[in-house]
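Close look at the chain arrangement
Each chain, written out:
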Amino acid sequence: MSSVAVLTQESFAEHRSGLAQQQVKVTALNSEEENDPPTYKEAFPPLPEKAPCLEAAQEPAGPWSKIRPIKASVITQVFHVPLEERKYKDMNQFGEGEQAKICLDIMQKTGAHLELSLAKDQGLSIMVSGKLEAVMKARKEIVARLQTQASATVAIPKEHHRFVIGKNGEKLQDLELKTATKIQIPRPDDPSNQIKITGTKEGIEKARHEILLISAEQDKRAVERLDVEKVYHPFIAGPYNKLVSELMQDTGTRINIPPPSVNKTEIVFTGEKEQLAQAVARVKKIYEEKANSFTVSSVSAPSWLHRFIIGKKGQNLAKITQQMPKVHIEFTEGEDKITLEGPTEDVNVAQEQIEVMVKDLINRMDYAEINVDHKFHRHLIGKNGANINRIKDLYKVSVRIPPDNEKSNLIRIEGDPQGVQQAKKELLELASRMENERTKDLIIEQKFHRTIIGQKGERIREIREKFPEVIINFPDPAHKSDIVQLRGPKNEVEKCTKYMQKMVADLVENSFSISVPIFKQFHKNIIGKGGANIKKIREESNTKIDLPAENSNSETIVITGKRANCEAARHRILAIQKELANITEVEVSIPSKLHNSLIGAKGRFIRSIMEECGGVHIHFPTEGSGSDTVTIRGPAQDVEKAKKQLLHLAEEKQTKSYTVDLRAKPEYHKFLIGKGGGNIRKVRDNTGARIIFPTSEDKDQELITIMGTEEAVKEAQKELEALIKNLDNVVEDSMVVDPKHHRHFVIRRGQVLREIADEYGGVMVSFPRSGTQSDKVTLKGAKDCVEAAKKRIQEIIEDLEAQVTIECTIPQKFHRSIMGPKGSRIQQITRDYGVQIKFPDREENPAPVAEPAVQENGEEGGEGKDGKDADPSSPKKCDIIIISGRREKCEAAKEALQALVPVTIEVEVPFDLHRYIIGQKGSGIRKMMDEFEVNIQVPAPELQSDTITITGLATNLDRAKAGLLERVKELQAEQEDRALRSFKLTVTVDPKYHPKIIGRKGAVITQIRTEHEVNIQFPDKDDESQAQDQITITGYEKNAEAARDAIMKIVGELEQMVSEDVTLDHRVHARIIGARGKAIRKIMDEFKVDIRFPQSGAPDPNCVTVTGLPENVEEAIDHILNLEEEYLADVVDNEAMQVYMKPSSHEESKAPSKGFVVRDAPWATVNNEKAPDMSSSEDFPSFGAQVAPKTLPWGPKR
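A brief report on the enclosed structure follows. (Residues numbered from 1 in each chain as written. Predicted model: local features only at pLDDT ≥ 70, side-chain atom pairs only at ≥ 80, totals over all residues. Heavy atoms only, no water.)

A few points about the layout of surface pockets
By volume, the second largest pocket amounts to about 1900 Å³. Lining the second largest pocket are 44 residues; nearest its centre among them are K524, E550, S824, R825 and E933. When contributions to the lining of the second largest pocket are tallied by element, the ones reaching two or more residues are α21 (523–527), α32 (815–819), α33 (824–833), α34 (887–899), α36 (923–932), β36 (934–937), β37 (947–952) and α37 (954–981). (1 Å grid on protein atoms, 1.4 Å probe; cavity = no way out; pocket = protein on both sides within 12 Å on 5 of 7 lines; lining within 4 Å. Points joined across faces, edges and corners; volume = space filled by probe spheres on them. Helix = DSSP H or I, 4+ residues; strand = E, 2+ residues; numbered from the N terminus.)

Written as structure tokens, this is what we have:
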């Protein structure tokens, strides 16, 4: 009778799911087939055994036949470079210099991984890992670049050369790649049979062996191959190949032993049969002798532990190999074993050390593999590896994430078992979060990006703090992209999108822009003293107002903000201009279809009209508005002139308009226009045509446009062409200029000469070199230009000869004030009066005023050789400002300078108000100084003085004094108000009512404070010295009394309240409270009561307390008792239903089950009815895992 084994149905179903093609029937124990269960081999087909022959191998081997062995794609090879063959021997530090650069270059070129180590004998060991092809290429590069080259020759019959070359030279190329050498075979017409090999010593040996092998195969003599394990080859060859050489000499046989680096075990013998047999016998004898004293052993170690056993840069392995250099240790990628070869004693010691190392690593190391979609890998790594490095450091693990080109999802974690599990959990959580993430592209115009980010990123920081789970990426400004990418949880991304869209909508609304042309001379009035006017307009209209730079020619002020606000700001700015000047505004009706032609390309035409008419402003309606109204604004006379011109041009455009373009060098334009536009005005008056020159903004600087009637245009064209022709006719002329005036023209890098060249058609003016006493000045250019330039130079000389120098004495302490910010005031005076002003050098440490020296014997000057003691009343040198120019202009400039000297006045202000005038961190006094452009000096507190000193220009002092006194009045009014506001009132209230008066999160007390504008202070619970029933109210007397009444009213209501306990079944508490307390809050609000439920662990879990007014408490109790009755019925029904419910799968699993039954199971031979242990790797081995040596029914051990 066959014995049966029991296996649970769940476990068998799990096992069966892997065998899709096997039809396995699971039957219940109480069925009719119970007496005939399936056999073990039917339920679990065995793995296929090794096929004894080719025919057997071709037969199907059951369901396991589809499983194929997987070869490792990554191999590791170690190359040794002896000290004498190393190219780079003299290095200060290993791992640096040229050798390291070459290794990095080899890694980049081949894709292989290199690790270098230095042996005790200073030989170089290089471990190369990667795909076979990459390793071979890397090896060739290493030999060529890190090893010194040698050469050798090998002689084989000429007819054998072609077999070495192979078809299309493939065999020779392959041989060169494998041996990392260069092989030169003589040409067919060369009678030599010598083949030259260049490379390392090791490579030459390999190549020589292979060539001789090829030749031997082609030799007609007898060839025999003897398979001898690789480890015995050195014993057969002997030291320096002495033994094999003697053997070849004695027997006359050629013996080819593969070099150590070639992974072949065959030794090839070539020669006469008798001598060959003798040589084979002697080699066999050597092999048998040595085999008895040599051992090959292996240590079982999981392949993932191999790199830990080798250690960083092979350190761990080096310790063993240094102790036992004759032992060869080999690791194979993907195999769970380590092979050791060498003398028996050494191998045993090395094996013991490695086994101890493996056992220790298994005890303290573990690994885990997780599957994460490769598209999330870069997010797991983080920026510059921040995330993955944090996990590695935190959990002390190694995490291997496959490179992008592998497209693999498998991530491997190795290290401390606990750390591995924690790292695995965190990585899976991160991956899960990323899978639930959503990426959304938001279209936002690039011009708004900087505004959204904010200055120094403060605005985007606020958004990121508001939505911390959302990652916001702005495009690079150089890419000109409008796409802003949001990534994060779906709901958060949606909220962030809506928030940012609203922000953009506000920005769009606030980004309406309007340009207002304002005459340049009125810009300073619009800005106001210290920017007061412009600041006020900005604040009141809530707009951004940009004015052109002071040195810019633009007159346009740009206003940005909401449309209505921009219009209001524009109206206010125009009103300021209108008040300050005799500015009139005229509206002209011109058909809208003519507007574009009147404006001209890029506004060139209309700009020329505005310039000609004294800089009036002409405003056309926006395109598409359909309006015909054109507005002209400016001085009355200029406006009238511009109006006539516009109407005349419009009439011309409607009847007939003719346009011609001329070209002239840009340097001729100023000369064609003439001083003050005289030349061009003459042409316009003569012909009636309009001539437009390009502005500095135009791309084509040579284009001149003539517009008008055909006849007028042609006449103007003729005149201009004649002028341009004259300008092209270059002449050279000279004039006499006194050498004393030369410096004026050439100083400041020839600024005066540059201005002359710009104004007079680019005429070249050459002054003689300094040092030569010549007075001849050469001018070269167009004839008319040269004449005009000569005239201008003569005018300058006349000015220089009429020039005088006067002195203006102003104390040095005022010089900085006179100069103004960045010298602006002094620059304005030099421009206005055409003079030059020179300030004296600053005297760092002025000498104290000394007593006048006593003069003896009528000597004047005494010791003061420099006149320092001459006259105490004479001005100091450091106070004298030199003004140069025409006399009348120098005098006017002197008066202007003296008007800039600051004056000081004193104002009496009560001492107790000084600190309020200064303001927080001096903000108040700074504001006043900026507004009135004065310096205000407040006396030091220890002086207790009431006098405040104001220093500034006389024109500003009255305004500053009035402003300061006005501020004093405001502060005095505030003091009086503060005294009224400091009225205090105390209310006595029982401390038990304080929480109710304060309210939830201070809502009640905040409302009383806000409504009555008072401060209410409750006693500190921790301060025993304070009366705990006293509430202090501070504010205006009337408000404090009103707040007291409000508090007493609340106290009165609280005193009427009662508390009642009601018994409610604890099973319905959760339903009465509702989700997040929503239901109970609704009841409390409805009945105006407070309901408290017992906490967990309370003596009576059913006791609920209701507090409020008596009638409200009764109604609330009735309501919650009704709810209890309703909810309790549902609870009872649910409990009754539970009795009839099917027990959970967890409970079912507890029930005794015999499970699945099979016959003839291997474990049944020991008469044991116990089911196999499915966690045992021996009973249920997994694919790819090593199984402990044991005779099992799963097939023979491989």
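More follows now that the structure is in view.
Quick look at the sheet that holds β36
Read across the sheet, three strands follow the order β35-β37-β36 without closing on themselves; strand pairing throughout is antiparallel. Edge positions in the sheet fall to β35 (903–908) and β36, since each of these pairs with one other strand and no more. Taking each pair of neighbouring strands and ignoring which way they run, the sheet shows an average axis angle of 20°. Relative to β37, β36 runs antiparallel, the two being bridged by four bridges. Bridge pairing links V934 to G952 in β37. (Pairing = 2+ DSSP bridges. Axes fitted to C-alpha atoms, helices over the stretch in contact; angles between N-to-C directions.)

Describing unusual backbone geometry
In the Ramachandran plot, A180 falls in the positive-phi region, its phi being about 55° despite a non-glycine side chain. Looking at the element boundaries, A180 is found in the loop between α7 (170–179) and β6 (182–184). Of note in the backbone geometry, E1013 takes a positive phi value of approximately 55° without being a glycine. When you line up the elements, E1013 lands in the loop between α39 (1003–1012) and β39 (1015–1017). Note on E1013: relative accessible area 57%, which makes it exposed. (Buried < 20%, exposed > 50% of the residue type's maximum accessible area, 1.4 Å probe, protein only.)

Brief notes about the environment of P1162
Locating P1162 in the fold gives a position in the segment after β44 (1156–1159). On the accessibility criterion, P1162 (31% relative accessible area) is partly exposed. C-alpha of P1162 to C-alpha of Y40: the two residues are 1122 residues apart in sequence and 8.1 Å apart in space.

Re the sheet that holds strand β38 (residues 983–988)
Here three strands make up an open sheet; going across it, the order is β38-β40-β39 and the pairing antiparallel. The strands lining the two open edges of the sheet, one partner per strand, are β38 and β39. Taken over all neighbouring pairs, the strand axes of this sheet differ in orientation by 20° on average, direction set aside. Bridge analysis of β39 against strand β40 (residues 1030–1035) gives three bridges, and the strand direction is antiparallel. Bridge pairing in β40 links N1015 to T1034.

Focus on the pattern of salt bridges
Within the structure shown, the criterion is met by 26 salt bridges. The partner of E795 in a salt bridge is R792, with the nearest N and O atoms 3.3 Å apart. Within this pair, E795 and its partner R792 are both found in helix α31 (residues 783–801), separated by three residues, close to a single helical turn. A relative accessible area of 32% places E795 in the partly exposed class. Taking the relative accessible area as the measure of exposure, R792 reaches 27% and is therefore partly exposed. The salt bridge partner of R967 is E970, with a shortest N-O separation of 3.3 Å. Of this pair, R967 and E970 both sit in helix α37, separated by three residues, roughly a single helical turn. Bridged by salt links that share partners, the residues E369, R412 and E414 form one connected network. (Salt bridge = Lys/Arg side-chain N within 4 Å of Asp/Glu carboxyl O.)

Section: helix α29 (residues 710–728)
Given a rise of 1.5 Å per residue, 19 residues ought to cover 27 Å, and the 26 Å separating the end C-alpha atoms of α29 matches this to within 8%. Among the residues of α29, A712, V713, A716, Q717, L720, I724 and L727 are the ones counted as buried. Buried residues of α29, seen end-on, are gathered within an arc of 125° and therefore sit on one face of the element. Within α29, the exposed residues directed more than 90 degrees away from the buried face are E711, K718 and K725. (Expected span 1.5 Å × (residues − 1). Arc of directions from axis to C-beta.)

Remarks on the nonpolar core
Grouped together as the largest cluster of nonpolar side chains are 40 residues, with contacts concentrated most on L672, F745, I756, V765 and I793. Secondary structure elements with two or more residues in this core: β26 (658–663), α27 (666–673), α28 (678–687), β28 (703–708), α29, α30 (742–759), β31 (776–782) and α31. It is α31 that provides the largest number of residues to this core, a total of eight residues. Apart from residues no more than four positions distant in its own chain, I756 is found in contact with F745, V763, V765, A789, R792, I793 and I796. Counting residues in hydrophobic clusters, the runner-up holds 22 residues, among them I606, I618, V630 and V639. (Core = buried A, V, L, I, M, F, W, Y, C linked by side-chain atoms within 4.5 Å. Contact = heavy atoms within 4.5 Å.)

Let's talk about the side chain of T253
Tracing the backbone through its elements, the reader meets T253 in the loop between α10 (242–251) and β9 (254–256). Of note is the side chain of T253, whose polar atom sits 3.3 Å from the side chain of T251. Setting aside residues up to four positions removed in sequence, T253 forms contacts with M248, F269, T270, G271, Q275, L276 and A279. (Polar contact = N/O pair within 3.5 Å; in protein donor to acceptor, adjacent residues only side chain to side chain.)

Some words on the packing of aromatic side chains
Using the criterion set out here, one finds two aromatic pairs in the structure. Judged by centre distance (5.0 Å) and plane angle (25°), the ring pair of F745 and F767 falls under stacked. One end of the pair, F745, is in helix α30; the other, F767, is in the loop between β30 (764–766) and β31, with 22 residues separating them in the sequence. Each member of the pair, F745 together with F767, is buried. (Phe/Tyr/Trp six-rings, centres within 6.5 Å; stacked < 30°, edge-to-face > 60°.)

Notes on the environment of Q99
Relative to the assigned elements, Q99 resides in helix α4 (residues 98–110). Its relative accessible area of 4% is what places Q99 among the buried residues. The spacing of Q99 and K87 is 12 residues in sequence and 8.8 Å in space, taken between C-alpha atoms.

Considerations on a positive patch on the surface
Positive charge collects at one region of the surface, where R1000, K1001, K1078, R1081 and K1082 lie side by side. Within the fold, K1001 resides in the loop between α38 (994–998) and α39. (Patch = residues over 30% accessible without salt bridge, like charges linked within 9 Å, V, L, I, M, F, W, Y side chains within 5 Å. Areas by Shrake-Rupley, 256 points an atom, 1.4 Å probe, with all protein chains shown as cover. Lys, Arg positive; Asp, Glu negative; His and termini not counted. Charge placed at Lys NZ, Arg CZ, Asp CG, Glu CD.)

Structural notes on helix α17 (residues 417–435)
With 19 residues, α17 should cover 27 Å at 1.5 Å per step; its first-to-last C-alpha distance of 27 Å lies within 8% of that length. Residues of α17 that are buried include every one of G419, V420, A423, E426, L427, L430, A431 and M434, and no others. Take α17 and look down its axis: the buried residues cluster within an arc of 135°, on one side only. The exposed set on the far side of α17, more than 90 degrees from its buried face, consists of Q418, K425 and E435. Buried-residue contacts for α17 involve β14 (366–371), α15 (377–381), α16 (386–395), β15 (397–400), β16 (410–415) and β17 (437–443).

Here's the deal with the packing of helix α5 (residues 132–146) against α7
The geometry of a pair of packed helices is captured by two quantities: the angle between their axes and the separation between those axes. It is the contact of α5 with α7, at a shortest axis distance of 7 Å, that shows an interaxial angle of 75°. Compared by their axis directions, α5 and α7 come out roughly perpendicular. Residues M136, R139 and K140 of α5 form the contact with α7, whose own contacting residues are L177, K178 and T179. Here the residues of the contact of α5 with α7 are counted per class, giving two nonpolar, one polar and three charged. (Parallel < 35°, antiparallel > 145°, perpendicular 65-115°, else oblique. Nonpolar A, V, L, I, M, F, W, Y, C, P; charged D, E, K, R; others polar.)

A short note on the environment of I599
Looking at the secondary structure, you find I599 in helix α24 (residues 595–599). Judged by relative accessible area, which is 24%, I599 ranks as partly exposed. For the pair I599 and I618, spaced 19 residues apart in the sequence, the C-alpha separation amounts to 9.9 Å.

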